[in-house]
Amino acid sequence: MGGMGSAQDVATDASPWSRPPAEVLAALRTDDGGLSAADATARLAEVGPNRLPPPEKDPLWKRVLVHFDDVLIYILLVSAVLKAILGDWVDFTVILLVAVVNAAIGFIQEGRAESALNGIRQMLSVHAEARRDGAWAKIDADDVVPGDVVRVRSGDRVPADVRLLQATNLRVEESALTGESVAASKRVDPVDPDAGVGDRTSMLFSGTLVAAGQGVGVVTATGERTEIGRIQTMISEVTSLETPLTKQLDRFGKLLAVLILGMAVVMVVVGRVVHDFSVPELVSASIGFAVAAVPEGLPALVTITLALGVQQMARRRAITRKLPAVETLGSVTTICSDKTGTLTKNEMTARTVRTAGRSFDVAGAGYAPVGELTLAGEGSRHADLVDDRDLTAVVAVMMLCNDARVVPGEPGGQGEDWRLVGEPTEGALRSLGMKAGFETTGWSRRDLVPFESENKYMATLDRAPDGAEVVHLKGAPDRVLDRCTTQTAPDGTAQSIDRAFWEAQIDEIGGRGLRVLAAARRGAPAGELADSLTGLELCGLVGIVDPPRPEAIDAIAQCRDAGIAVTMITGDHAGTAVAIGREMGIVHDEVGPDGTGPAVLTGAELEAMSTEQLRGVVQDVHVYARTSPEHKIRIVSALQAHGEVVAMTGDGVNDAPALTQADVGVAMGIKGTEATKDAAEVVLADDNFATIERAVEEGRRIYDNIRKSVLFLLPTNGAQSLVILVAVLFGLVLPLAPVQVLWINMITAVTLSLGLAYEKAEPGVMSRPPRDPKASILDAAFVRRILIVSLLIGGATLLVFYAERAQGAPLAEAQTTAVTMLALGQLAYLFNCRFLDRSSLTLDVLRGNRVIWISAVALLALQCVFVYTPFMHDWFDSSPIGLEEWGKTLGLAVVVFLLVEVVKAVGRARQRRARA
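Procedures and definitions
Residues numbered from 1 in each chain as written. Predicted model: local features only at pLDDT ≥ 70, side-chain atom pairs only at ≥ 80, totals over all residues. Heavy atoms only, no water. pLDDT = per-residue confidence, 0-100. Contact = heavy atoms within 4.5 Å. Patch = residues over 30% accessible without salt bridge, like charges linked within 9 Å, V, L, I, M, F, W, Y side chains within 5 Å. Areas by Shrake-Rupley, 256 points an atom, 1.4 Å probe, with all protein chains shown as cover. Salt bridge = Lys/Arg side-chain N within 4 Å of Asp/Glu carboxyl O. Lys, Arg positive; Asp, Glu negative; His and termini not counted. Charge placed at Lys NZ, Arg CZ, Asp CG, Glu CD. Helix = DSSP H or I, 4+ residues; strand = E, 2+ residues; numbered from the N terminus. Buried < 20%, exposed > 50% of the residue type's maximum accessible area, 1.4 Å probe, protein only. Phe/Tyr/Trp six-rings, centres within 6.5 Å; stacked < 30°, edge-to-face > 60°. Core = buried A, V, L, I, M, F, W, Y, C linked by side-chain atoms within 4.5 Å. Expected span 1.5 Å × (residues − 1). Polar contact = N/O pair within 3.5 Å; in protein donor to acceptor, adjacent residues only side chain to side chain. Axes fitted to C-alpha atoms, helices over the stretch in contact; angles between N-to-C directions. Parallel < 35°, antiparallel > 145°, perpendicular 65-115°, else oblique. Nonpolar A, V, L, I, M, F, W, Y, C, P; charged D, E, K, R; others polar. Pairing = 2+ DSSP bridges. Left-handed = near helix turned anticlockwise from the far one by under 90°.

(A) Structural view of the confidence of the model for the protein. Per-residue pLDDT for the protein has a mean of 83; in total, 88% of the residues score no lower than 70. The low-confidence segment residues 232-241 (pLDDT under 50) makes 28 contacts with residues lying over four places distant or belonging to another chain.

(B) Representation of a positive patch on the surface in the model. The grouping of Arg-784, Arg-910, Arg-912, Arg-913 and Arg-915 at the surface amounts to a positive patch. The element best represented in the positive patch is helix α30 (residues 883-915), accounting for 4 residues. Within the secondary structure layout, Arg-913 lies in helix α30.

(C) Main features of the pattern of salt bridges. Counted under the stated rule, the structure contains 32 salt bridges. Note that Glu-698 and Arg-316 form a salt bridge whose closest N and O atoms lie 3.1 Å from each other. Here Glu-698, found in helix α24 (residues 689-729), pairs with Arg-316, found in the loop between α11 (298-315) and β8 (318-320); they are 382 residues apart in sequence, far enough to count as distant. With relative accessibility at 2%, the residue Glu-698 sits in the buried group.

(D) Expanded view of the packing of aromatic side chains. Counted under the stated rule, the structure contains 8 aromatic pairs. For the ring pair Trp-743 and Phe-866, a centre distance of 5.3 Å and an interplane angle of 15° mean the geometry is stacked. Pair noted here: Trp-743 is in helix α25 (residues 738-752) and Phe-866 is in helix α28 (residues 850-868), with a separation of 123 residues, a long-range link. Exposure class is identical for Trp-743 and Phe-866. Each is buried. Here Phe-871 and Trp-875 contribute two aromatic rings whose centre-to-centre distance is 5.8 Å and whose plane-to-plane angle is 85°, an arrangement assigned as edge-to-face. Of the two residues, Phe-871 and Trp-875 both sit in helix α29 (residues 870-876), 4 residues apart, roughly one turn of that helix. Judged by relative accessible area, Phe-871 falls into the partly exposed class, the value being 44%. The class of Trp-875 is partly exposed, set by a relative accessible area of 40%.

(E) The arrangement of the nonpolar core in detail. The biggest cluster of nonpolar side chains holds 139 residues, and the ones touching the most others in it are Ile-335, Ile-586 and Phe-689. Sorting elements by how many residues they give to this core places α24 first, with 19 residues. The residues contacting Phe-689, other than those within four sequence positions of it, are Ile-335, Ser-337, Thr-342, Leu-343, Ala-552, Ala-555, Ile-556, Cys-559 and Val-566. Residues Phe-360, Leu-391, Val-397 and Leu-517 belong to the second largest nonpolar core, which totals 26 residues.

(F) Quick peek at helix α10 (residues 279-293). Given a rise of 1.5 Å per residue, 15 residues ought to cover 21 Å, and the 21 Å separating the end C-alpha atoms of α10 matches this to within 8%. Burial of α10 is extensive: 12 of the 15 residues sit out of reach of the surface.

(G) Layout of the side chain of Arg-354. With respect to the helices and strands, Arg-354 occurs in strand β10 (residues 349-354). With no salt bridge to any partner, buried Arg-354 finds its closest opposite charge in Glu-508, at an N-O distance of 6.2 Å. Polar contacts involving the side chain of Arg-354 include one to the side chain of Ser-359, which spans 3.3 Å. For Arg-354, the residues in contact, after removing those within four places along its chain, are Ser-359, Phe-501, Trp-502, Gln-505, Ile-509, Gly-540 and Leu-541.

(H) Local environment of α24. The first and last C-alpha atoms of α24 sit 60 Å apart over 41 residues, in line with the 60 Å expected at 1.5 Å per residue. Counted residue by residue, α24 has 36 buried out of 41 residues, so it is predominantly covered. Two to three positions downstream of the cap, the backbone nitrogen of Ala-690 sits 3.0 Å from a side-chain oxygen, assigning the N-cap of α24 to Asn-688. Gly-731 lies just past α24 and shows a positive phi near 70°.

(I) Quick peek at the packing of helix α27 (residues 811-833) against α28. Taken N-terminus to C-terminus, the directions of α27 and α28 make an angle of 180°; their axes are 11 Å apart at the nearest point. Comparing their axes, α28 and α27 come out roughly antiparallel. Contacts between α27 and α28 involve Thr-816, Val-819, Thr-820, Ala-823, Leu-824, Leu-827, Leu-830 and Phe-831 from the first element and Ile-852, Trp-853, Ala-856, Leu-859, Leu-860, Gln-863, Phe-866 and Val-867 from the second. Broken down by class, the residue content of the contact of α27 with α28 amounts to 13 nonpolar, 3 polar and no charged.

(J) View of the sheet that holds β8. Taken together, 8 strands build an open sheet; the order of strands is β8-β27-β26-β25-β9-β22-β24-β23 and the sheet is mixed. For this open sheet the edge positions go to β8 and β23 (601-602), each flanked by a neighbour on one side alone. Along the sheet, helix α21 (residues 629-641) contacts β9 (334-338), β22 (565-569), β24 (623-625) and β25 (646-650); its crossing angle with β25, the most-contacted strand, is approximately 170°.

(K) Inspection of the packing of helix α13 (residues 389-400) against helix α14 (residues 424-436) at higher detail. Two elements in contact, α13 and α14, have axes whose closest approach is 8 Å; the angle formed by their N-to-C orientations is 130°. What the angle tells us is that α13 and α14 run oblique. In the packing of α13 onto α14, the handedness of the crossing is left-handed. Contact with α13, carried on its side by Val-395, Met-398 and Met-399, involves Leu-429, Arg-430, Gly-433, Met-434 and Ala-436 of α14 and no other residues of that element. Its residues assigned to classes, the contact of α13 with α14 shows 6 nonpolar, 1 polar and 1 charged.

Below, the structure written as structure tokens:
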């Protein structure tokens, strides 16, 4: 293993692409066995983590000022200037203070949202496979150091700049670096020292994506010293805090600002011409109206609600990379899911081996090599590799054409203590070989064609202990069968192939719900291994079971209740796919749900269909078998043509286009490639279908909470502006001074507005159909409710103010009572908003959200400061009020609460009539 050089020696290796691998290894003080853990730790301390510096943030002053760059804040600032011109310095200070507080709230909330998303980005950190202490290990890409020997495969993101030591059919997509859209072929041979970046075929560059093949290389540069670091091009995971919803609300805010200014002009004209108000009075009234009507906290509130929801989804194992996906999740109508590892456990076990002459049963479960092979139909006769030469041929292929290892979890471990290092399918085949007693000692691998999703097979060239070279190939039975001309007889010799027999066996094994793999072999090739995979001898078939996840079965049932169709897309044989689909509850009959269409479509049948034909059946077919990643795009497009909102899962590099096409792309966090994670909106940390269902539920909850917040905020502004508008239009004394309106806006923003972001999901959230993604966040019923609640709270405020004045109360005391009415009315209405349509006249309204009660206590405490502290009397023209005033306002707040519940009840009755 490599020794330790100085940081400069290790980190710098001039033109490694032009030097032979041995020279590069020597220059980096390492060898093809990689570094020891101690060396790697020491090098990491010297050269630093393998990451680019984060993009420079705007200076603090610019990040603060951007929160003043809003037409609604401009209205506040103009109001402050007008107050200064009139010499009303207390009001000027208070208005300016409120503008600053609003900007501060926006700044803090944006910081919280960005922190939440930064936490998500950390969860999505890239990993690398490095050889440490002589063994391959998965490490964080940040910990890769120069001199590390790393391995990359199709779909991986290259973790650092790497000089290739081995390459097999390796092609790398380098558009992030070179702008070249066609994947570059890579090989080990040195190139000219003056070669440009795009011509350095012996190098892999940090941040590029492996399109096909696999390779092993030594790291030559990390972090800022990489090619991509030198040109400071970040392959960034930055997620915008803007979503279609926040943009929609931002446009709404601008429209509202124009409307407010128009209404203010009308108010000034009416006040001056009709009621002969003085200029200072009109300025105060206009400022008060403008400030009252502005819902300045709305866009920030939506953003923080989304960001908090993203954090909650991450705790439920669904990592959201793009905020708009949260909105889309709530309206998903179809989920297209891979089978293996998502709907199933991905804990493969070989159950049966079929050769040309007979069948063998395999005992045991999981990856532990514990269990016997017995000849089916002949009692308990144990299989024997000496006597059963056809079995030996199958087992040899499955053991030698295999990169997995099955190792004891602990020394002497048995049963479930055995663990898999590698792919689950290969683990099942490795366990099968170990159960049969096949020894790989003396065999050595000479060449390899790795598994690719386009080919669906893997091939190796192996040298036997006697020196003979043999090609071994395993893969999807139809692909292997196409390459075979002979089959292995029971005595181990070759005979003419009976294709009809094998196709019947594939159907029979697949019909039992088993995944089928075929094994084939041939003598040494004359040329390249990849060009010699024809004329093979079919050794036999292996049936593997991958049990369904129990939680996935429950999740599919919940999706059905929620009006969401679940479609399974798999590379398995049609019989296997239907059997698993039936067990999962995805299909129930041999035909589609309408009683006429097929229960399953194969990739070949899908290929033969026109786009129109596929659109005709796509809503009735919920199982697709023998599919390739390209078919996924057609399935998604056909569903979207019917207006379906589609979530699509994927893990392979070729799934990325389908994930991009889908409304919500869902990548697998464990088995997914970096390419699919880049293309996806959501990454499943546990690769579990049940997590998709939970993410949809969470998406619905978050959208509900945004609707609740909007439904709460708009009537509070509506009530305040109504109070001032009525007073001016009728020539009455203003019930609220502008600074008092600002006070109520400010304490509502600081306390009540965020409480609804923490609401739990409404009962039955997954028992209602998906929402229409084109539907406005405010439907006609909600607009009616906003207007009615504005009238109720505004009317109650006018009532208490003029009642106080009629009883001879001073203006300051009457205005303070009006402000208290607004505060308590909004607090009462907050409890109405906890449930969108369901009645709040239930004990549930008192529990389930601790933040609501913290907000309520904070509001009451701040209002008491407003009412009883002398300095607030000076700033806000407030005055102490007695218990009688508190009693009146509290009683009217309860009346507002009850009347809103009547409005909700009428709405529910109207909905029931509409459905009837």
